[in-house]
Amino acid sequence: MKVFISGNIAQVGIAQLKEKNIEITQWDKDRQITAEELIEACKGQDALVSVGPNKIDAKFLNAAKHLKVIALHSVGFDQVDVDEAKKLNIPVGNTPGVLSGATASAAFLLMLAVSRKAFYLHKKIINGNWQNYEPTPELGIELNGKTLGVFGLGKIGLEMAKKCAGAFQMPVIYHNRSRNEDAEKEIDAKYVSFEELLEQSDVISVHTALTDETKDKFSIDVFKKMKPTSIFINTARGGIHNEKDLIQALEEKIIWGAGLDVTNPEPMDKNNPLLNMDNAAVLPHIGSATEETRDAMAKLIAENILAGLNGDKLPYPIW
Ligand code: DGY
């Protein structure tokens, strides 16, 4: 059996596949594979490990309908045309659960960094602008006792809520399409409407999937309903906030700050104004990028591939 891997995954997953005598071909160039190159690379392969944002859309799926399984190197699957995969009977799997802690840590890191203007002040030192000790300029804000609003209380949102409640005694409110009663029992989280989430939160952290419903959800009208002292954090998908509107909201002090691990597009242009604002912190989509998490993801990928090649039900299917 032959598997094409469109990027670098942790060795532990590759070893699991090689143990079963699977022949592996890997994309080894220092750039993202293009849509055409992906189609070409999948010719003669039995399975694909899709690493990165490549679209697994109708065009790709129809050109690669011989694939027995596609394993995503992500929990998010907004890049996949699930209906088309179902129609063509190509099983697609993802990596749920194992990256919740790491992604929530990235959200927590960004919240702290924004609250203390850490990235901006670090840049000041690098640029030779640390002059002297001044008690009043460029102050941060405290997080203790502030209200965390989680937009999308699933596994990752719950981890973020636990960290914030534990470290800063932050009361938690959340908005989902439907209530998460298990999470409500685990932490003392209160379900609120989207409007209430905007009005009551001191920090809003986004942990939902990118769908037609959530695309551009955080627009200027929405930022205007948030507190002027509030912080917006997005570690989910860049498409959930409107980047132009976010820049306006930060420039006009409609909200206090923003921390992003995801942007739209990715990679972010190095001249993007968000990179030089005192009230923004941006990371290059590193939510799941710890050694432990990437190892765990690679293991789930290998399990999905082996099951799919065997004609078995995937252990971690998205359909
Ligand atoms: C995920 O797993 O969805 C991460 O954001 C990586 O894409």
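All residue numbers here refer to positions counted from 1 along the written sequence of the relevant chain. Residue-level local features of this predicted model are given only where pLDDT is at least 70; pairs of side-chain atoms are given and counted only at 80 or more, and the full residue set underlies all totals for whole chains, interfaces and linings.

So, the domain arrangement of the protein chain
Spelled out, the test is: How far each domain reaches was decided by an automatic or database domain assignment. What counts as a contact here is a pair of residues whose C-beta atoms, placed from the backbone, lie within 7 Å. Each residue is assigned to one of three groups, with Ala, Val, Leu, Ile, Met, Phe, Trp, Tyr, Cys and Pro labelled nonpolar, Asp, Glu, Lys and Arg labelled charged, and all others, Gly among them, labelled polar.
One can read the domain layout of the protein chain as domain 1 (2-96 + 290-309) and domain 2 (100-282). The centre of domain 1, based on its C-alpha atoms, is set 31 Å off from the matching centre of domain 2. Across the boundary between the two partners, domain 1 contributes five residues, which contact five residues of domain 2. A class-by-class count of the residues in the side of domain 1 that touches domain 2 yields one nonpolar, three polar and one charged.

Description of the sheet that holds strand β4 (residues 69-72)
Rule in force here: Paired strands, in this sense, are two strands between which DSSP finds at least two bridges. For helices the rule is a DSSP run of H or I covering at least 4 residues; for strands it is a run of E covering at least 2, with both sets numbered from the N terminus onward. Only the stretch in contact is used when a helix axis is fitted, and all axes are lines through C-alpha atoms; the angle between N-to-C directions ranges over 0 to 180 degrees.
Reading across the sheet, the five strands line up as β2-β1-β3-β4-β5 and stay open at both edges, with parallel pairing between neighbours. Unpaired on one side and paired on the other, β2 (23-26) and β5 (92-93) mark the two borders of the sheet. The pairing of strand β1 (residues 2-5) with β2 spans four bridges and is parallel. Across the sheet, the residue bridging to Val-3 is Ile-24, located in β2. Taken strand by strand, helix α12 (residues 291-309) contacts β1, β3 (47-50), β4 and β5, and its axis lies near 175° from that of β4.

Details of the sheet that holds strand β12 (residues 280-282)
The parallel open sheet is built from seven strands, whose spatial order is β8-β7-β6-β9-β10-β11-β12. Each of the sheet's edge strands pairs with one partner strand only, and the pair in question is β8 (189-191) and β12. Between one strand axis and the next, the sheet turns through 15° on average, direction left out of account. Bridge count for strand β10 (residues 231-234) against strand β11 (residues 257-260) is four bridges, and the pairing is parallel. Bridge pairing in β11 places Ile-233 opposite Gly-259.

Some thoughts on the UniProt feature "domain: D-isomer specific 2-hydroxyacid dehydrogenase catalytic" (unreviewed entry) in the protein chain
The condition is simple: UniProt positions are given in the numbering used here, feature names are shortened, and annotations may be inferred rather than shown by experiment.
Taken from the UniProt record, the annotation "domain: D-isomer specific 2-hydroxyacid dehydrogenase catalytic" (unreviewed entry) applies to residues 3-316. As annotated, residues 3-316 has a helix share of 37% and a strand share of 14%, and its two end C-alpha atoms lie 18 Å apart.

Focus on the UniProt feature "domain: D-isomer specific 2-hydroxyacid dehydrogenase NAD-binding" (unreviewed entry) in the protein chain
Per the UniProt record, "domain: D-isomer specific 2-hydroxyacid dehydrogenase NAD-binding" (unreviewed entry) is annotated on residues 109-287. End C-alpha to end C-alpha, residues 109-287 measures 10 Å, and it is 32% helix and 15% strand.

Describing helix α1 (residues 11-19)
Definition in use: Buried, partly exposed and exposed are defined by the number of other C-beta atoms within 10 Å of a residue's own C-beta, namely 20 or more, between the two limits, and 12 or fewer respectively, with C-beta atoms placed from the backbone. Directions pointing from the helix axis toward each C-beta atom define the arc.
Within α1, burial applies to Gly-13, Ile-14 and Leu-17. End-on view of α1: buried residues confined to an arc of 100°, all on one side of the axis. Structural note: α1 exposes Gln-11, Ala-15 and Glu-19 on the side pointing more than 90 degrees away from its buried face. Where α1 is buried, its residues contact β1, β2 and α12. At the C-terminal side of α1, Asn-21 shows a positive phi close to 60°.

Examining the pairing of strand β6 (residues 148-151)
The two faces of a sheet get side chains in turn, since along a regular strand they alternate between them. As a reminder, the rule being used: For crossovers, right-handed means that the path from the first strand over the helix to the second runs clockwise, given strands pointing away from the viewer.
Residues Leu-148 and Val-150 point to one face of β6 and Gly-149 and Phe-151 to the other, with burial holding for every one of them. Where β6 meets strand β7 (residues 172-175), four bridges bridge the pair, whose relative direction is parallel. Bridging across to β7, Phe-151 finds its partner in His-175. For the segment spanning β6, helix α7 (residues 155-168) and β7, crossover handedness is right-handed. Direction of pairing for β6 relative to strand β9 (residues 203-206): parallel, over a ladder of four bridges. Bridge pairing in β9 links Val-150 to Ser-205.

Quick word on the site of the ligand
For clarity, the cut-off: The criterion for a residue being near a molecule or strand is a backbone-placed C-beta atom within 6 Å of that molecule or strand.
The environment of the ligand is formed by Ser-74, Val-75, Gly-76, Leu-99, Gly-287 and Ser-288. Of the residues in the shell around the ligand, the class split is two nonpolar, four polar and no charged.

Description of the packing of α1 against α12
For the record, the criterion: An angle below 35 degrees is treated as roughly parallel, one above 145 as roughly antiparallel, one from 65 to 115 as roughly perpendicular, and anything else as oblique. Put simply, a crossing is left-handed when the front helix is turned counterclockwise from the back one by less than a right angle, and right-handed when it is turned clockwise.
Contact geometry of α1 with α12 gives a least axis separation of 7 Å together with a crossing angle of 25°. On the basis of their axis angle, the class for α1 and α12 is roughly parallel. For the pair α1 and α12, the sense of crossing is right-handed. Here Val-12, Gly-13, Gln-16 and Leu-17 of α1 come into contact with α12, specifically with Asp-295, Ala-298, Lys-299, Ile-301, Ala-302 and Ile-305. Here the contact of α1 with α12 is built from residues that sort into six nonpolar, two polar and two charged.

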